[in-house]
Amino acid sequence: MSVLETTPPQPADGRARSLWSSIREALRGSHQDYTTGSLNRSILLLAIPMVLEMVLESLFAVVDVFWVGRLGANAVATVGLTESLLALVFAIGLGLSLSTTAMVARRIGEKDPEDAAIAGVQAIVVGLVISLGLGIPAGIYAPQLLHLMGASPAIVASGSGYARIALGGCGAIIMLFLNNAIFRGAGDAAIAMRLLWVSNIINLILDPCLIFGLGFGSVRFPHLGVTGAALATFTGRSIGVLYQFYRLLKGTERIRVLVRHLRLNVRVMTRLLRVSLTGIVQFAIANASWIFLVRIVSIFGSASVAGYTVAIRIVVFFILPSWGLSNAAATLVGQNLGAGRPDRASQAVWRTAFYNMLFLGGIGIFFIVFATPVVRLFTDDPAVIPIAAVALRTFSCGNIAYAYGMVMLQAFNGAGDTLTPTFVNFFGFWVLELPLAWGLAVGLHWRAEGAFLSLVVAEAAMAAAGIVLFRRGRWKRQRI
């Protein structure tokens, strides 16, 4: 089927021109109605900027571990342990984001940009309050949190600065996710992509400068080691958030925050919180399981944690673009349900899941074959390389399951049904994955490799459950 499925048949060169025209439009920013016309074109116009947005978000993780890997296993372990704690922050950011995207998309589908802007403002207020409530105590008690995660005294001593900045500045993560969720729900995916370009360019420049104390002429940066990585990332994200606020106030063709919107709306905020709380629990269940998984891995030493960290960062670099495809599906579900077109919403999900499977399946095959050379790009530690390679191969075996599972669960979220994915996550991660990880790693003495395998088994089970539940169609009757 061609990209422009509503147009008459045309020559191959005409189809190619239409494809490239659509790609340019997606990068430039499209303001078409996603509830009508070619569904493949709608997916393309939303997915390209959303995928690139997630590629840029994943660059934060990959760039950090690329440079920090030059500092040794303890530095990489610091990043891994801190990231596992930040998993709860990501849970909150993602939970708020999915409800915000669902609500804004539903209002846009109903052709009501005024209420879409009001919903966005209420989400921002909630995000700011949570950012302060989490960031202040997390920054103060960062060393103690590292110790609770099983960090050695050497890691606590060298990594406390990194943890203080990363955890204390967690509000930048929450607000970056949340504001981009407003743009995604409105269908302004290209703006969200450009915002992360700004953040990442800053991070790319500052990372090596602050880690190694580089300089240009008479200007020299301080040599901060692993702490410099956290400072660079926090700076890039914070500037990105400021730019987001500027674009929201300036406005787009789809959404603009005006002075009259800058007030509390208890009715809208209550609805948003109701959906958000379940969404936060959904991602907290998933992300907290990563904390316990890395805690199991830490039993086998800092090399195992470092190997896990390198592998998961590489996987995340490709999983996040797939998450971009899932976000496109969520936006299409929300807008088409708002327009009273549930069948078009369902069709969008199945097509997006298939495209996602093709992408991640190909990536998985590549990593299974070339795991060791890829890992060597990020670390030269002989104790870490074999563990990271095994982890990367193992995780890649679950790529097809990840592809379908993430799209199905995001489709529920796009409809405003955050309860179904919450139950799927609970049974998948806590009833299946963690007991299995402990049993394989400790009980059967498979060490860290057993913990890696448990993740693949859990994700496959969750994908199967998501497909079955999606087919039942209860999400089509969700009201938000």
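Notes on the structure in this doc start here. Given the structure is predicted, the values throughout are model-derived calculations rather than measurements.

### Focus: the overall build of the protein chain
Helix and strand counts for the protein chain come out as 16 helices and two strands. Taken over C-alpha atoms, the radius of gyration comes to 22 Å for the protein chain, in line with the 23 Å a tight globule of 480 residues would show. Based on the C-alpha atoms only, the size of the protein chain along its principal axes is roughly 60 × 50 × 50 Å. Counting only residues that meet the buried cut, the protein chain has 60% of its 480 residues in that class. Put simply, 81% of the contacts in the protein chain that link residues at least 6 apart link residues at least 24 apart. Carbon and sulfur atoms form 69% of the exposed surface of the protein chain, whose accessible area is close to 18600 Å².

### Here's the deal with unusual backbone geometry
In this model, Lys111 sits at a positive phi of 60°, which is unusual for a non-glycine residue. Inspection of the secondary structure assignment puts Lys111 in the loop between helix 3 (73–109) and helix 4 (113–140). On the basis of relative accessible area, Lys111 is assigned to the exposed category, the value being 52%.

### Points about the nonpolar core
Among the nonpolar cores identified, the biggest contains 136 residues, and Leu392 and Phe395 are the most heavily contacted of them. Residues in contact with Phe395, not counting those within four places in the same chain, are Tyr308, Ala311, Ile312, Val315, Tyr402, Phe452, Leu455 and Val456. One finds Leu39, Met50, Leu325 and Leu332 within the second-largest nonpolar core, a separate group that totals 12 residues.

### Regarding the packing of helix 14 (residues 399–414) against helix 16 (residues 448–472)
Look at helix 14 against helix 16: their axes get within 8 Å of each other, and the N-to-C directions meet at 45°. Overall, the two elements helix 14 and helix 16 adopt an arrangement that is oblique. Crossing of helix 14 against helix 16: the hand is left-handed. Facing helix 14, whose interface residues are Ala401, Tyr402, Tyr404, Gly405, Met408, Leu409, Ala411 and Phe412, helix 16 presents Val456, Glu459, Ala460, Met462, Ala463, Gly466, Ile467, Leu469 and Phe470. Among the residues making up the contact of helix 14 with helix 16, the classes are represented as 14 nonpolar, two polar and one charged.

### A look at helix 11 (residues 302–338)
Between the first and last C-alpha of helix 11 there are 50 Å, a value that for 37 residues agrees with the 54 Å anticipated at 1.5 Å per step. In the structure, helix 11 departs most strongly from a straight axis at Phe317, where the bend amounts to approximately 30° and where the proline Pro321 lies between one and four residues downstream. Within helix 11, 32 of the 37 residues are buried, which leaves it mostly tucked inside the rest of the structure. Backbone geometry just after helix 11 places Gly340 at a positive phi near 75°.

### Thoughts on the packing of helix 11 against helix 14
Helix 14 packs onto helix 11 with a crossing angle of 35° between their chain directions and a minimal axis gap of 8 Å. Regarding helix 11 and helix 14, the two cross each other, and that crossing is right-handed. Contacts between helix 11 and helix 14 involve Ile319, Ser322, Trp323, Ser326, Asn327, Ala329, Ala330, Val333 and Gly334 from the former and Tyr402, Met406, Val407, Gln410, Ala411 and Gly414 from the latter. Here the residues of the contact of helix 11 with helix 14 are counted per class, giving nine nonpolar, six polar and no charged.

### Brief notes about the packing of aromatic side chains
Using the criterion set out here, one finds 16 aromatic pairs in the structure. Residues Phe292 and Trp430 carry aromatic rings whose centres are separated by 5.2 Å and whose planes lie at 70° to one another, so their mutual orientation is edge-to-face. In this pair, Phe292 is assigned in helix 10 (residues 266–298) and Trp430 in helix 15 (residues 419–443), connecting sequence segments 138 residues apart. A ring pair is formed by Tyr308 and Phe452, whose centres lie 6.3 Å apart and whose planes are at 15°; its orientation type is stacked. Of the two residues, Tyr308 sits in helix 11 while Phe452 sits in helix 16, which places them 144 residues apart along the sequence. Exposure class is identical for Tyr308 and Phe452. Each is buried.

### As for the side chain of Ser131
With respect to the helices, strands and loops of the structure, Ser131 is situated in helix 4. What makes Ser131 buried here is its relative accessible area of 11%. A distance of 2.7 Å separates a polar side-chain atom of Ser131 from the backbone oxygen of Gly127. Excluding anything up to four places from it in sequence, Ser131 contacts Gly171, Ile174 and Met175.

### Concerning the environment of Gly236
With respect to the helices and strands, Gly236 occurs in helix 9 (residues 226–250). When its relative accessible area of 0% is taken as the criterion, Gly236 is described as buried. As a C-alpha pair, Gly236 and Asp33 span 203 residues in sequence and 33 Å in three-dimensional space. Among residues more than four places away in sequence, those in contact with Gly236 are Ser199 and Ile202.

### Topic: the environment of Met406
Residue position: Met406 is located in helix 14. Met406 sits 13 residues away from Arg393 along the chain, and the two C-alpha atoms are 20 Å apart. Excluding its chain neighbours within four sequence positions, the residues that come into contact with Met406 are Ile319, Ser322, Trp323, Ser326, Asn356 and Leu360.

Parameters at a glance
Residues numbered from 1 in each chain as written. Predicted model: local features only at pLDDT ≥ 70, side-chain atom pairs only at ≥ 80, totals over all residues. Heavy atoms only, no water. Helix = DSSP H or I, 4+ residues; strand = E, 2+ residues; numbered from the N terminus. Rg over C-alpha atoms; globule rule 2.2 N^0.38 Å. Buried < 20%, exposed > 50% of the residue type's maximum accessible area, 1.4 Å probe, protein only. Contact = heavy atoms within 4.5 Å. Areas by Shrake-Rupley, 256 points an atom, 1.4 Å probe, with all protein chains shown as cover. Core = buried A, V, L, I, M, F, W, Y, C linked by side-chain atoms within 4.5 Å. Axes fitted to C-alpha atoms, helices over the stretch in contact; angles between N-to-C directions. Parallel < 35°, antiparallel > 145°, perpendicular 65-115°, else oblique. Left-handed = near helix turned anticlockwise from the far one by under 90°. Nonpolar A, V, L, I, M, F, W, Y, C, P; charged D, E, K, R; others polar. Expected span 1.5 Å × (residues − 1). Bend = angle between axes of the 7 residues up to and from the residue. Phe/Tyr/Trp six-rings, centres within 6.5 Å; stacked < 30°, edge-to-face > 60°. Polar contact = N/O pair within 3.5 Å; in protein donor to acceptor, adjacent residues only side chain to side chain.

Any functional reading would require information that these geometric values do not contain.
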